[in-house]
Amino acid sequence: MEALLNGGLPVASSCSGDGVCAKCRVQIVEGSENLSSENETEAFLRESKGVPQGTRISCQVQVLGDVTVDTTYW
Ligand code: FES
């Protein structure tokens, strides 16, 4: 989420990155191997909010290399 915002891209959120809303989800187009593993917060949100596989909760992920993402509102 921070990397996207620093790049000037809008990221949906109603919890400001506290890992509550799941609105910051982004679809991973390429480079999923360059993202940190799913943490407990993201796993909980995936289950409770119905976040599909291939989509990550951006405020809970660290970017470790090149990644291409997309959202429905860009
Ligand atoms: S901004 Fe709310 S869960 Fe990521």
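Residues numbered from 1 in each chain as written. Predicted model: local features only at pLDDT ≥ 70, side-chain atom pairs only at ≥ 80, totals over all residues. Heavy atoms only, no water.

1. Brief notes about the side chain of Ser36
Argument step 1. Mapping Ser36 onto the fold places it in the loop between β1 (25-30) and α2 (40-49).
Argument step 2. Non-local contacts of Ser36, meaning those with residues more than four positions away in its chain, are made with Arg56, Gln60, Val61, Gln62 and Leu64. (Helix = DSSP H or I, 4+ residues; strand = E, 2+ residues; numbered from the N terminus. Contact = heavy atoms within 4.5 Å.)

2. Quick look at the pattern of salt bridges
Argument step 1. In this structure the tally under the stated criterion is 3 salt bridges.
Argument step 2. Two residues, Glu38 and Arg46, come together in a salt bridge whose shortest N-O distance is 2.6 Å.
Argument step 3. Take Arg46: its relative accessible area is 10%, and that puts it in the buried class.
Argument step 4. As a salt-bridge pair, Glu42 and Arg46 come within 3.7 Å of each other at their nearest N and O atoms. You can see Glu42 and its partner Arg46 sitting in helix α2, 4 residues apart, about one turn around the helix. (Salt bridge = Lys/Arg side-chain N within 4 Å of Asp/Glu carboxyl O. Buried < 20%, exposed > 50% of the residue type's maximum accessible area, 1.4 Å probe, protein only.)

3. Re the layout of surface pockets
Argument step 1. Roughly 280 Å³ of volume is contained in the largest pocket.
Argument step 2. Around the largest pocket, the lining comprises 14 residues; the ones closest to its centre are Met1, Ala3, Leu4, Val61 and Val63.
Argument step 3. Of all elements in the fold, only α1 (2-6) and β1 reach the threshold of two or more residues within the lining of the largest pocket.
Argument step 4. With 3 residues, the top contributor of residues to the lining of the largest pocket is α1. (1 Å grid on protein atoms, 1.4 Å probe; cavity = no way out; pocket = protein on both sides within 12 Å on 5 of 7 lines; lining within 4 Å. Points joined across faces, edges and corners; volume = space filled by probe spheres on them.)

4. Focus: the sheet that holds strand β3 (residues 68-70)
Argument step 1. Ordered by their spatial adjacency, 3 strands build an open sheet running β2-β1-β3, and the pairing between neighbours is antiparallel. The outermost strands of the open sheet, each flanked by one partner alone, are β2 (55-57) and β3. Strand-to-strand twist of the sheet, defined as the mean angle between neighbouring strand axes without regard to direction, takes the value 45°.
Argument step 2. Along the sheet face, α2 touches β1 and β2 and points at about 120° away from the line of β2. (Pairing = 2+ DSSP bridges. Axes fitted to C-alpha atoms, helices over the stretch in contact; angles between N-to-C directions.)

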